[in-house]
Amino acid sequence: MHGWFPENISTFGADVDGVFYLIYYIVGFWFLLTQAAIFYFVIRFRRRAGQPAAYIRGDTWKQLSWILIPAAIVLVLDLGIDAAGARVWEEIKTRVPAGDVHLEINAKQFEWMITYPGADDQLGTADDFIVNSELHVPVDKDVRITLKSNDVVHSFFLPNVRLKQDVVPGRAIDVWFKVTKPGTYELACSELCGFGHYTMRGTFIVQTPEEYDRWVRAHSANA
């Protein structure tokens, strides 16, 4: 599984990957063990001349243990996965910081309309400006984004950040992240949102704080 994911560039991405790896190794181990047991029983108890099949009622504790013990193991492992996932979920979804940078994104068929604060760093003022499907953020800063939809349900997805959030009409949903590596990455919609869903792709650009400030000032002046 290592190397299958896109490069992680967020502070919480490793925790998200850790949950995937946990599920992968647990399921993989028991899958292989189960297949080995099936092949063993198929060969060991295959039909043979002079050996009639036995009818097992399954009403003794010894026989029931074949069901109860695996069920208990599955329950314990499932609770462990749930606990690991809940910890990561709380870190990403429920602890949304105020953010060093606050942006607003309005999703619509089939583009991302991204509103940036101007030089005053405050949304909802005269120097705000909008850029279509081009998300710029500074590196090593807490970024808070308010997501809104103008029409249907979309899904805001930054694969390299390990962040995915449905964007629901009539709701304003805050998400956050901190990225650690400058570069150009993908912004995608991961929810089938209409006939042009495949075109709803944007560019995610991580810049140094100085580069980001220069970019904001230039676009704010043009706006």
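Placed above this text is the structure.
Residues numbered from 1 in each chain as written. Predicted model: local features only at pLDDT ≥ 70, side-chain atom pairs only at ≥ 80, totals over all residues. Heavy atoms only, no water.

**Q** So what exactly am I meant to see when it comes to the environment of Val74 here?
**A** Relative to the elements of secondary structure, Val74 occurs in helix H2 (residues 61–94). Given a relative accessible area of 54%, Val74 falls into the exposed group. As a C-alpha pair, Val74 and Ile26 span 48 residues in sequence and 10.0 Å in three-dimensional space. (Helix = DSSP H or I, 4+ residues; strand = E, 2+ residues; numbered from the N terminus. Buried < 20%, exposed > 50% of the residue type's maximum accessible area, 1.4 Å probe, protein only.)

**Q** Would you mind showing me how to read the nonpolar core here?
**A** Looking at soluble globular proteins, one finds that nonpolar side chains tend to be buried together. Formed by 41 residues in total, the largest nonpolar core has its most connected members in Trp112, Leu135, Ile145, Phe156, Phe177 and Phe204. At 4 residues, the largest contribution of residues to this core is made by strand S1 (residues 101–108). (Core = buried A, V, L, I, M, F, W, Y, C linked by side-chain atoms within 4.5 Å.)

**Q** Is there a simple way to think about the packing of aromatic side chains in this case?
**A** The way to describe two aromatic rings as a pair is by their centre distance and the angle between their planes. The full count for this structure, using the stated rule, is 17 aromatic pairs. Here Phe5 and Phe20 contribute two aromatic rings whose centre-to-centre distance is 5.3 Å and whose plane-to-plane angle is 75 degrees, an arrangement assigned as edge-to-face. Taken together, the positions of Phe5 in the segment before helix H1 (13–44) and Phe20 in helix H1 put the pair 15 residues apart, joining distant regions of the chain. The exposure class assigned to Phe5 is partly exposed, which follows from its relative accessible area of 26%. (Phe/Tyr/Trp six-rings, centres within 6.5 Å; stacked < 30°, edge-to-face > 60°.)

**Q** It is not clear to me how the sheet that holds strand S7 (residues 163–167) should be interpreted in this structure. Could you clarify?
**A** Strands in a sheet are paired, the pairing made by backbone hydrogen bonds, and the direction either parallel or antiparallel. Spatial ordering of the open sheet is given by S4-S10-S9-S6-S7, a layout of 5 strands whose pairing is mixed. Pairing within the sheet leaves two strands with one partner each, and these edge strands are strand S4 (134–138) and S7. When strand polarity is set aside, the average angle formed by the axes of neighbouring strands in this sheet is 20 degrees. Direction of pairing for strand S6 (residues 154–158) relative to strand S9 (residues 183–189): antiparallel, over a ladder of 2 bridges. In the sheet register, Phe156 faces S9, and the bridge partner there is Cys189. (Pairing = 2+ DSSP bridges. Axes fitted to C-alpha atoms, helices over the stretch in contact; angles between N-to-C directions.)

**Q** Help me understand the environment of Glu90 in this model?
**A** Mapped onto the fold, Glu90 is located in helix H2. Judged by its relative accessible area of 36%, Glu90 falls in the partly exposed class. In the structure, Glu90 is positioned 41 residues away from Ala49 in sequence and 60 Å away in space, judged by C-alpha atoms.

**Q** It is not clear to me how the pattern of salt bridges should be interpreted in this structure. Could you clarify?
**A** When their charged atoms lie close together, side chains carrying opposite charge are able to pair. Per the counting criterion, the structure on display carries 9 salt bridges. Taking the shortest distance from any N to any O, the salt bridge between Arg95 and Glu90 comes out at 3.2 Å. The exposure class assigned to Arg95 is exposed, which follows from its relative accessible area of 53%. With its nearest N and O atoms 3.9 Å apart, the salt bridge here joins Lys178 to Asp142. One end of the pair, Lys178, is in the loop between strand S8 (173–177) and S9; the other, Asp142, is in the loop between S4 and strand S5 (143–149), with 36 residues separating them in the sequence. Judged by its relative accessible area of 27%, Lys178 falls in the partly exposed class. (Salt bridge = Lys/Arg side-chain N within 4 Å of Asp/Glu carboxyl O.)

**Q** Could you clarify how one ought to interpret H2 in this entry?
**A** One turn of an α-helix holds 3.6 residues; hence residues three or four places apart share an orientation. The sharpest bend along H2 comes to roughly 30 degrees, located at Ile67, with the proline Pro70 sitting one to four residues further on. Residues of H2 that are buried include every one of Ile81, Val88 and Ile92, and no others. In this structure, the buried side of H2 is in contact with H1, S7 and S8. (Bend = angle between axes of the 7 residues up to and from the residue. Contact = heavy atoms within 4.5 Å.)

In short, geometric facts, not functional conclusions.
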